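# A structural walkthrough
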Amino acid sequence: KHAPVLQRESKITYDFAAQRSSLAGFVPVAMYVYNRPHYLEQVLTNLKRARGVGSVLLVVSLDAAREEMVQAVLEAREFVAGVRLLFHPYPEKMFGPAGGRGADGVLVVKDHWRFLVRQLWEELPDLRGYDGEVLMLEEDHAP
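A quick note: this is a predicted structure, and the numbers were derived from the prediction, not measured.

### Focus on the overall build of the chain
Along the backbone of the chain there are five helices and five strands. Ordered by position from N to C terminus, the α and β elements of the chain give β-α-β-α-β-α-β-α-α-β. For the chain, long-range pairs separated by at least 24 residues make up 78% of all intrachain contacts whose partners lie at least 6 apart in sequence. Carbon together with sulfur atoms contributes 51% to the accessible area of the chain, which is approximately 7900 Å² in total.

This is how it looks when you write it as structure tokens:
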């Protein structure tokens, strides 16, 4: 079982488990991200313009923790209700050295997707008991 590293920010004081019902239109937006800062910036720029974004809990799982990407995600705190930043633990035993996407990039992506889904429905305290919809995105699927 993977153990995530969670980035908790001090700027946001919401206890989503207790207060999400009071946020009109609350929806978690979850995104798994690889090492593509340009695509991440595009998604965040488009998300910032979305109607109702102030009720979003943004959950981002990074495969590669580059400083510029972490900073971009944390800056989203300015326009969403909250940010949860996860770091996908790369299973080198299964996929080879972390410098690439492993011998089979499809398996690496699938493992990251499964990690994020498990965090959303089993691990994140903010979503315990939540049975609504979750918008799942991959950063390179931005328009």
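### Description of the nonpolar core
Counting 23 residues, the largest nonpolar core has Met31, Leu40, Leu58, Val60, Leu62, Val80 and Leu85 as the members making the most contacts within it. Elements that contribute at least two residues to this core include exactly strand E2 (27–33), helix H2 (37–48), strand E3 (56–62), helix H3 (67–75) and strand E4 (82–87). Here this core gets five residues from one element, more than from any other, and that element is H3. By size, the runner-up hydrophobic cluster in this structure holds 13 residues, among which are Val59, Leu124, Leu127 and Tyr130.

### Quick notes on the environment of leucine 44
Of note, leucine 44 is situated in helix H2. Judged by relative accessible area, leucine 44 falls into the buried class, the value being 6%. For the pair leucine 44 and glutamate 75, spaced 31 residues apart in sequence, the C-alpha separation works out to 9.4 Å. In this structure leucine 44 touches Met31, Leu58, Ala72, Val73, Ala76 and Phe79, once residues within four positions along its chain are discounted.

### As for the pairing of E3
Counting buried positions over the seven residues of E3 gives seven, a clear majority of the element. Where burial is concerned, the two faces of E3 agree: the one with Val56, Leu58, Val60 and Leu62 and the one with Leu57, Val59 and Ser61 are both buried. Two strands pair when backbone bridges link them, and E2 and E3 are joined in this way by seven bridges, in the parallel orientation. Bridging across to E3, alanine 30 finds its partner in valine 59.

### What to know about the packing of aromatic side chains
Tallying each qualifying case throughout the model produces one aromatic pair. Measuring from centroid to centroid gives 5.0 Å for tyrosine 32 and tryptophan 113, while their planes differ by 75 degrees, and the two rings are edge-to-face. On the criterion of sequence distance, the pair formed by tyrosine 32 in strand E2 and tryptophan 113 in helix H5 (residues 105–123) is long-range, its members being 81 residues apart. On the basis of relative accessibility, which here comes to 10%, the residue tyrosine 32 falls in the buried class.

### A closer look at the side chain of aspartate 126
Considering the arrangement of structural elements, one finds aspartate 126 in the loop between H5 and strand E5 (135–138). Within the structure, aspartate 126 has its side chain in polar contact with the side chain of arginine 84 (distance 2.6 Å).

### A look at the pattern of salt bridges
All told, the structure shown has three salt bridges when counted by the stated rule. Here arginine 84 makes a salt bridge to aspartate 126, at a shortest N to O gap of 2.6 Å. With a gap of 42 residues between them, arginine 84 in strand E4 and aspartate 126 in the loop between H5 and E5 connect regions that are remote in the sequence. On the basis of relative accessibility, which here comes to 3%, the residue arginine 84 falls in the buried class.

### Thoughts on the confidence of the model for the chain
With 68% of its residues at a pLDDT of 70 or more, the chain has an overall mean of 77. Here strand E1 (residues 6–7) stands out as the least confident element of the chain, with mean pLDDT 44; H3 is the most confident, with 93. With pLDDT under 50 throughout, residues 1–14 is counted as low confidence; its partners more than four residues away or in other chains account for 38 contacts.

What counts as what
Residues numbered from 1 in each chain as written. Predicted model: local features only at pLDDT ≥ 70, side-chain atom pairs only at ≥ 80, totals over all residues. Heavy atoms only, no water. Helix = DSSP H or I, 4+ residues; strand = E, 2+ residues; numbered from the N terminus. Contact = heavy atoms within 4.5 Å. Areas by Shrake-Rupley, 256 points an atom, 1.4 Å probe, with all protein chains shown as cover. Core = buried A, V, L, I, M, F, W, Y, C linked by side-chain atoms within 4.5 Å. Buried < 20%, exposed > 50% of the residue type's maximum accessible area, 1.4 Å probe, protein only. Pairing = 2+ DSSP bridges. Phe/Tyr/Trp six-rings, centres within 6.5 Å; stacked < 30°, edge-to-face > 60°. Polar contact = N/O pair within 3.5 Å; in protein donor to acceptor, adjacent residues only side chain to side chain. Salt bridge = Lys/Arg side-chain N within 4 Å of Asp/Glu carboxyl O. pLDDT = per-residue confidence, 0-100.

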